[in-house]
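# Summary of the model geometry
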Amino acid sequence: MRRLLLILILFLNAGGLVSAQYDRDVFFLRGRTSLADGKYAQAIENFNVLARLDTTDYWNFFFRGIAKYNLGDIRGAEKDFDRSVRLNPVFTNGYHYRAISCSRLGRYDEAFRDFDRAIELRPGFMGVYFSRGVAYFLSRQFDRAIEDFDRYIKKNPRDPAAYLNRGASELFLGDTLKAMRDYDKAIKLDPYEPEGYIRRGRIYALQNRTDDAIRDLDKAIDIDSTNTFAYFNRALLHYEAKDYNSSMRDLNRVLADEPGNALTLYNRSLIYAQVGDFENALDDMDRVININPKNVLAYFNRASFFVQMSRWRDALDDYDKAIELYPDFAKAYMNRSYVKNMLGMAVSSRKDYDTARQKIREYEEKNAAAEGSFADTTKKYSSLLALDADFAKKDFDDELLQHRDIDIRLKPLYKFSMTSSADGTGYALSNRYENTLLRRFLSSSPVPMTVSNSDTLTYLSYSGRIENAIYGDSSSSAGAADVSPSRVSFIKAMNDVQLRRYPAAMEEYDAAVEQASSDASADRYSEYYRAFYLMNRGVLRAEMIDFIATIQNNVQTLTMDDQGTTRARVSDRIDRSYDYSEAIGDMLSALETVPDLPYLHFNLGNLYCLSSQLLLSIGSYDKAIECYPAMGDAYYNRGLVLIYLKDKEKGCIDLSRAGELGVSDAYSVIARYCENEQQ
């Protein structure tokens, strides 16, 4: 009997092992399939599960790294590739892809060491030479890049991408003939790839062969009618040919797909101004400045629009801003001198004129030594700009037009809401936050309720008598006869919020907070529930402040400029501060009762941030993560604040972790502010 029992136990254990292996295989297959289909976020979710099941599978970390890389999370990818080679020190692919990640982060010495190690392990693997060629290109070692592409092409002579890359390297060395030959070869190998035509068209443009260049870009657009880069470049060519209507059509086509493309808005603004449509020119330039408030050329050109419209005060403000951003801008001083003269400011006008002449003399001395400056009065600063134009040189401190407008805000406050489903959280089951008190509060509610900061919840509101839902009626299975008065007031308040009756909601929240203590005799948990009432009241107080700010066109949001700095920025460029002290007080009072609730710490972090108390904000996010390590939103917000405080490394690591935890918005932020920061 004992032997039979032992066999049965062994059989059951073996079954568990088989099941575990089966589960791993299923998740691995799902992850690989999602990776192949380009569903990178889903792939990461499956590889996350595998990472918990087996911490020794280097392939799992490798594939998760690829998914992160394709989402723009280069740091997260490098971390996973690093894990894969630590688990398997002879894993060629791990070294290869870690090298690629390091090169993208600008750490070329580390990248080349990894490339060398990969080649040492597999000297016949030509893909490593291709990748190393790209790294040499990025590090501006164009001769070595060409050598690696030569080596790769000998073994893979029919890969058009290699010819495109070698052509680009040759172009940087000034050899347009070799570059043209390589682009011709790439087009011959793959005549249905638009990139070859676009690149060859740009060489034609450099050679002033405008018709040939436009013909190539026409072909690229015929192949791919969604290629906004081709439309953008063709617009520049049409403009050079003085075909403004065609140029405008192409720019409009870019903006139809990418309405936040700041460089396209900038160029369209200049064309509007050139044809005398200053109102539309101003609209576009306003949007450029909203995207990047440090764009000196946008202020300079907008000022010229104001001059044309005789709006002298507005022009003066913009020239002031341009000079504030770049004090060596001689043309801005010269133009401001003219504006001040028109305003009757003769003494100040003369001072600006003298300053401009001094800047010009300084420029002429520096220019003899091949140094540039904004004092160059021969340069036309109202010209259209190309994506690789010289405005990105060091004199501009890489601080001009960014390519895309990405809306970046703090993840909003958490609050209790009535929903059509009691499960309104968006986290995977393994990452769900568990709290006994919270679970009891939600499960005992007479109406479906959840805690969330999502703006996509399906809210449940009662336009009729809310009491019917609370106490039960013939049309609802919900309801309970013994609901405490404080709970009734709380539910009424949530309903009022969802109906945008904010003053009524505030009265109900006040009543709920006051009644909670007296309800303790009927329900011993009522005093603890008071913390939840305080949380929602604090959120409402903050939301009412934001509502007032909206009316004043002055909503405070955490935004970033093109150097990755975050700031509380207002749309009318007037700094106003709002008093969140009452909302903060509610969160602190709630934490005295329930100190381990992460949503309270998270909300407090947001409120501190909106109050410009950023160090306290980080401390609150720290506590939220301590209470709930899988709270992706807390990592996301803390990452933004850290970047604002110039700790970009830690901030980007937090954003990477947020993306891993399911905050998909993190990847667009990473791609914009973390991916290329060291290049």
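Further up the page is the structure itself.
In this report, the structure presented in the accompanying data block is examined. (Residues numbered from 1 in each chain as written. Predicted model: local features only at pLDDT ≥ 70, side-chain atom pairs only at ≥ 80, totals over all residues. Heavy atoms only, no water.)

## As for the side chain of S489
- Note that S489 resides in helix 23 (residues 485-498).
- Here the side chain of S489 touches Q515 through a polar contact of 3.3 Å, side chain to side chain. (Helix = DSSP H or I, 4+ residues; strand = E, 2+ residues; numbered from the N terminus. Polar contact = N/O pair within 3.5 Å; in protein donor to acceptor, adjacent residues only side chain to side chain.)

## Topic: the packing of aromatic side chains
- Summed over all chains, the structure comprises 40 aromatic pairs.
- Centre to centre, the rings of F137 and F142 are 5.4 Å apart; their planes meet at 70°, and the pair counts as edge-to-face.
- On the accessibility criterion, F137 (23% relative accessible area) is partly exposed.
- Taking the relative accessible area as the measure of exposure, F142 reaches 8% and is therefore buried.
- Relative to Y509, the ring of F490 has its centre 5.9 Å away and its plane inclined at 50°; by these criteria the two rings are tilted. Of this pair, F490 sits in helix 23 while Y509 sits in helix 24 (residues 502-518), and the two are 19 residues apart along the sequence.
- Pairwise contacts between aromatic rings join F28, F47, Y58, W59, F62, F63, F81, F91 and Y97 into one cluster. (Phe/Tyr/Trp six-rings, centres within 6.5 Å; stacked < 30°, edge-to-face > 60°. Buried < 20%, exposed > 50% of the residue type's maximum accessible area, 1.4 Å probe, protein only.)

## A look at helix 28 (residues 614-627)
- The end-to-end C-alpha distance of helix 28, which contains 14 residues, comes to 20 Å, matching closely the 20 Å that a straight helix rising 1.5 Å per residue would cover.
- Inspection of helix 28 places L614, S617, I618, S620, Y621, A624 and I625 among the buried residues, and these make up the whole buried set. Axial view of helix 28: buried residues confined to an arc of 160°, hence all on one face. Among the exposed residues of helix 28, those pointing more than 90 degrees away from its buried face are L615 and E626. (Expected span 1.5 Å × (residues − 1). Arc of directions from axis to C-beta.)

## What to know about the pairing of strand 2 (residues 449-452)
- Burial of strand 2 is two-sided: the residues M449 and V451 facing one way and the residues T450 and S452 facing the other way are all buried.
- Pairing between strand 1 (residues 415-418) and strand 2: four bridges, direction antiparallel. Pairing of K415 across the sheet is with S452, part of strand 2. (Pairing = 2+ DSSP bridges.)

## Examining the nonpolar core
- F115, M285, V296, F305, Y319 and V339 are the most contacted members of the largest nonpolar core, which has 88 residues in total.
- The element contributing the most residues to this core is helix 17 (residues 296-308), with nine residues.
- Not counting the four nearest positions on each side in its chain, M285 is found in contact with Y266, S269, L270, A298, N301, R302 and F305.
- Among the nonpolar cores identified, the runner-up in size contains 87 residues, and F62, L437, L614 and V641 belong to it. (Core = buried A, V, L, I, M, F, W, Y, C linked by side-chain atoms within 4.5 Å. Contact = heavy atoms within 4.5 Å.)

## Description of the packing of helix 10 (residues 176-189) against helix 11 (residues 194-206)
- At a minimum axis separation of 9 Å, helix 10 and helix 11 run at an interaxial angle of 155°. When the interaxial angle is binned, helix 10 and helix 11 end up roughly antiparallel. For the pair helix 10 and helix 11, the crossing hand works out as left-handed. Where helix 10 approaches helix 11, its residues T176, A179, M180, Y183, D184 and I187 are matched on the opposing element by G196, Y197, R199, R200, I203 and Y204. (Axes fitted to C-alpha atoms, helices over the stretch in contact; angles between N-to-C directions. Parallel < 35°, antiparallel > 145°, perpendicular 65-115°, else oblique. Left-handed = near helix turned anticlockwise from the far one by under 90°.)

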